[in-house]
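# Summary of the model geometry
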Amino acid sequence: MQVIRLPVLSDNYIFLLHDRQQNIAAVIDPAEAQPVLEELRKLKAELVAIFNTHHHGDHVGGNTELMKVFPEVTVYGGAEDKGRIPGQQVFLHEGDRVQFGDRNATVFFIPGHTRAHIAYYFPPITSGEAGELFCGDTLFAGGCGRLFEGTPTQMVSSLGKLRALPDHTRVWCAHEYTLNNLQFALTVDSENTELQRRYEEVKNDRSRQQATIPSLLGVEKLTNPFLRWEQTSLQLVTKSSDSVQTFARLRGMKDRF
């Protein structure tokens, strides 16, 4: 399964999945239809699935037009998003599986950013390969999503589910926020040498307009404060040893950053 990253809007990414053997495609969170249609024309592939992580317009904005061009396409989303995702036909719960080509993804229910957010995780087929995590706006490279509809308790639980995946999992998050996220991370985890090294690498990449997505989950575990909220250094910054309070204060600090 090939993953094609399509930059759109000011900082969004759409992800197009391509099964070369069957020459079929699926799209994750199509903010716009046109870039997807252009890529499909290049591939000469049929779009068979739209996988939405949540209902925000910059994730579902292309659904309707794509359905017009590919009337047989199936639109997936979280069960709690019923009535909020254009064209949704499949309503997914925690632990459900979806199939694309010869790959199966496990669905994670990860509320926090929204009350209905889900993620899709394609485990590796063989040992040593990377799994693929499509996590929308819950986990970002170096950060996490704002809490628009959910609570800190929900987000801590959701991020904990994703943190438990293997280190070699590739994290395909939906926005290019990495540089700003790491700038904030350095204000609360300044002695973290892995974070310092990563910040310099990302700063160099972004100066050349290179994408920082996908990230690796193992890198996130070492450098992302929102996966490290139990670390003593971060508890000292937030003056709390309670994991949810630490997370909530970190998220509040990031909101004001």
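Being a predicted model, the structure only gives us computed values, none of them experimental. (Residues numbered from 1 in each chain as written. Predicted model: local features only at pLDDT ≥ 70, side-chain atom pairs only at ≥ 80, totals over all residues. Heavy atoms only, no water.)

### Remarks on the UniProt feature "binding site: Zn(2+) 2" (unreviewed entry) in the chain
Rules: UniProt positions are given in the numbering used here, feature names are shortened, and annotations may be inferred rather than shown by experiment. Using protein atoms alone on a 1 Å grid, points that fit a 1.4 Å probe yet trap it form a cavity, whereas open point sets bounded by protein on both sides within 12 Å along at least five of seven lines form a pocket; residues with an atom within 4 Å of a point count as lining. Segments assigned H or I by DSSP are reported as helices when at least four residues long, segments assigned E as strands when at least two residues long, and all are numbered from the N terminus. Residue contacts follow a heavy-atom distance rule, with two residues in contact if any of their heavy atoms lie within 4.5 Å. The term polar contact refers here to a pair of N or O atoms within 3.5 Å; inside protein, the definition further demands a hydrogen-donor-capable atom paired with an acceptor-capable atom, and it admits residues adjacent in sequence only when both atoms are side-chain atoms.
Here the UniProt feature "binding site: Zn(2+) 2" (unreviewed entry) sits at Asp58, His59, Asp137 and His175. Their sequence span is 118 residues, while the largest C-alpha to C-alpha distance among them is just 10.6 Å; these annotated residues converge on one region. Residues from the named set that contribute to the lining of the largest pocket are Asp58, Asp137 and His175. For Asp137, the location among the structural elements is in the loop between β10 (132-136) and β11 (139-140). Those residues in contact with Asp137 that sit more than four places away from it in its chain are His54, His59, His113, His117, Cys144, Gly145, Ala174 and His175. Reaching out from Asp137, the side chain makes a polar contact with the side chain of His59 at a distance of 3.0 Å. Here His175 is to be found in the loop between β13 (170-173) and α5 (178-188). If we skip the residues at most four places from it in the chain, His175 touches Asp11, Asn12, Tyr13, Asp58, His59, Asp137, Phe140 and Ile213.

### Here's the deal with the side chain of Arg251
By the secondary structure assignment, Arg251 is in helix α9 (residues 243-255). Dropping the residues within four chain positions of it, Arg251 is found in contact with Cys144, Gly145, Arg146, Leu147 and Phe226.

### Let's talk about the layout of surface pockets
Convention followed: Grid points are joined across faces, edges and corners, and a volume is the space filled by probe spheres set on the points. Here the term charged refers only to Asp, Glu, Lys and Arg, the term nonpolar to Ala, Val, Leu, Ile, Met, Phe, Trp, Tyr, Cys and Pro, and the term polar to all other amino acids, Gly among them.
Size it by volume and the largest pocket reaches roughly 260 Å³. If you list the elements that add at least two residues to the lining of the largest pocket, you get β12 (143-144), α5 and α9. Per-class residue counts for the lining of the largest pocket are five nonpolar, seven polar and five charged. The set of elements that each furnish at least two residues to the lining of the second largest pocket consists of α6 (193-207), β14 (215-216) and α7 (217-223). For the lining of the second largest pocket, the leading source of residues is α6, giving six residues. The class makeup of the residues in the lining of the second largest pocket is five nonpolar, four polar and five charged.

### Structural notes on helix α1 (residues 34-43)
Counted only if it meets this: Note on classification: 1.4 Å probe, protein chains only; a residue is buried when its accessible area is under 20% of the maximum for its type, exposed when over 50%, partly exposed between these limits. Arc definition: directions from the helix axis to the C-beta atoms.
Restricting attention to buried positions, one finds in α1 the residues Val36, Leu37, Glu39 and Leu40. Buried positions in α1, seen along its axis, are confined to an arc of 165 degrees and lie on one side of it. Relative to its buried face, α1 has exposed residues pointing more than 90 degrees away, namely Arg41 and Lys42. Lining the buried residues of α1 we find β1 (2-8), β2 (12-19), β3 (24-28), β4 (46-51) and α3 (63-69). Backbone geometry just downstream of α1 places Lys44 in the positive-phi region, at approximately 55 degrees.

### Some points on the environment of Thr187
Among the structural elements, Thr187 can be located in helix α5. On the basis of relative accessibility, which here comes to 49%, the residue Thr187 falls in the partly exposed class. The spacing of Thr187 and Phe257 is 70 residues in sequence and 9.7 Å in space, taken between C-alpha atoms. Here the side chain of Thr187 touches Phe184 through a polar contact of 2.5 Å, landing on its backbone oxygen.

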